[in-house]
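Coordinates in review
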Amino acid sequence: MRTPGDIDFSRRGVLAGGASVAAVTALPTRAAAAPGETAAAAPPTAAVAFKVNGTAHKLELDTRTSLLDALREHLHLTGTKKGCDHGQCGACTVLVDGRRINSCLTLAVMHDGENITTIEGLGTPDKMHPMQDAFVERDGYQCGYCTPGQICSAVAVLEEIKAGIPSHVTADLTATPKVTASELRERMSGNICRCGAYSNIIDAITDVAGGKA
Ligand code: FES
Ligand code: FES
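Residues numbered from 1 in each chain as written. Chains lettered and ligands numbered in written order. Predicted model: local features only at pLDDT ≥ 70, side-chain atom pairs only at ≥ 80, totals over all residues. Heavy atoms only, no water.

A short note on helix α8 (residues 198–208)
Taken together, the buried positions of α8 are Ile201, Ile202, Ala204, Ile205 and Thr206. Residues of α8 that are buried make contact with α5 (130–137), α6 (147–162) and α7 (181–187). Directly beyond the C-terminal end of α8, a positive phi value near 100° is found at Gly210. (Buried < 20%, exposed > 50% of the residue type's maximum accessible area, 1.4 Å probe, protein only. Helix = DSSP H or I, 4+ residues; strand = E, 2+ residues; numbered from the N terminus. Contact = heavy atoms within 4.5 Å.)

Focus: the pairing of strand β2 (residues 55–62)
Two elements, strand β1 (residues 45–52) and β2, share eight bridges in a ladder whose sense is antiparallel. By the bridge assignment, Phe50 is partnered in β2 with His57. What sits between the antiparallel neighbours β1 and β2 is a turn of two residues, in which Asn53 has the positive phi angle 55°. (Pairing = 2+ DSSP bridges.)

Quick look at α5
Of all the residues in α5, the buried ones are Met131, Gln132, Ala134 and Phe135. The buried side chains of α5 occupy one side of the element, clustering within an arc of 160° when seen end-on. Those residues of α5 that are buried lie in contact with α4 (119–122), α6 and α8. (Arc of directions from axis to C-beta.)

Some points on the sheet that holds strand β3 (residues 93–96)
The sheet built from five strands is open, its strands ordered β2-β1-β5-β3-β4 with mixed pairing. Edge positions in the sheet fall to β2 and β4 (99–102), since each of these pairs with one other strand and no more. Going from strand to strand, the sheet's axes swing by 40° on average, the running direction of each strand aside. Packed onto the sheet, α6 meets β3 and β4 and runs at close to 45° relative to β3. (Axes fitted to C-alpha atoms, helices over the stretch in contact; angles between N-to-C directions.)

Details of the environment of Leu61
Among the secondary structure elements, Leu61 is positioned in strand β2. When the C-alpha positions of Leu61 and His74 are compared, they lie 9.0 Å apart, and in sequence the two are 13 residues distant. Those residues within four positions of Leu61 in sequence are excluded, and the remaining contacts are Pro44, Thr45, Ala46, Val48, Ala70, His74 and Ala108.

Notes on the pairing of β3
The two faces of β3 match: Thr93 and Leu95 on one face and Val94 and Val96 on the other face are all buried. Pairing geometry for β3 and β4, over four bridges, is antiparallel. Bridged to Val96 within β4 is Arg99. The turn linking β3 back onto β4 is made up of two residues, and Asp97 within it adopts a positive phi angle of 50°. Two strands pair when backbone bridges link them, and β3 and strand β5 (residues 115–117) are joined in this way by two bridges, in the antiparallel orientation.

Following this line, the structure appears as structure tokens:
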């Protein structure tokens with residue numbers, strides 16, 4: 001026989017949310033802070049100063065803030081995109097002192113004193129960077145979500161090749177890298193395009209490199 005304390009977990013009740021309400025109300029409430037217990041401490045913060053697209057910024061940030069979140073949420077530079085937030089897609093690629101990095105994988109406070117370039121710093125709609133121009137000319141995008149990361153990465157790739165930094169495309173890692181389609185595909189492999197604009201992206205980068213692929 002049922003007692004008044006029984007809970008009716010009928011299908012109708014569950015679908016209507018009755019069971020969850022009953023379950024929640026049945027849970028013991030968390031005890032108030034015991035005498036001597038302190039409230040949760042505020043997360044640690046730290047000051048960081050860096051230049052973004054030539055402008056100096058000083059921020060006081062939760063030390064766990066990624067560079068990506070600092071750019072998007074604190075400086076409102078939303079051109080840099082958050083795709084996976086796990087270092088897997090390249091949508092968040094920015095240049096730090098000329099080197100490309102996934103901004104979701106690095107903490108903002110690690111970049112004190114550094115120069116950061118985002119897609120907004122490469123060019124403007126009126127005065128585009130040659131790589132931006134080439135992406136437009138070659139239709140190097142469809143939805144455009146990956147494009148800021150692709151363009152930042154592509155700019156750095158040509159600098160890497162110019163500097164003679166090898167990739168794994170050539171068996172001989174001491175060989176001087178050349179602008180070839182396979183070299184570009186390898187170096188751009190960290191930038192995923194869900195629309196599959198890869199061929200046009202390679203054409204755009206090749207154009208900027210002087211058409212050598
Ligand atoms: Fe950073 Fe995907 S958002 S790699
Ligand atoms: Fe849509 Fe690349 S253009 S994800």
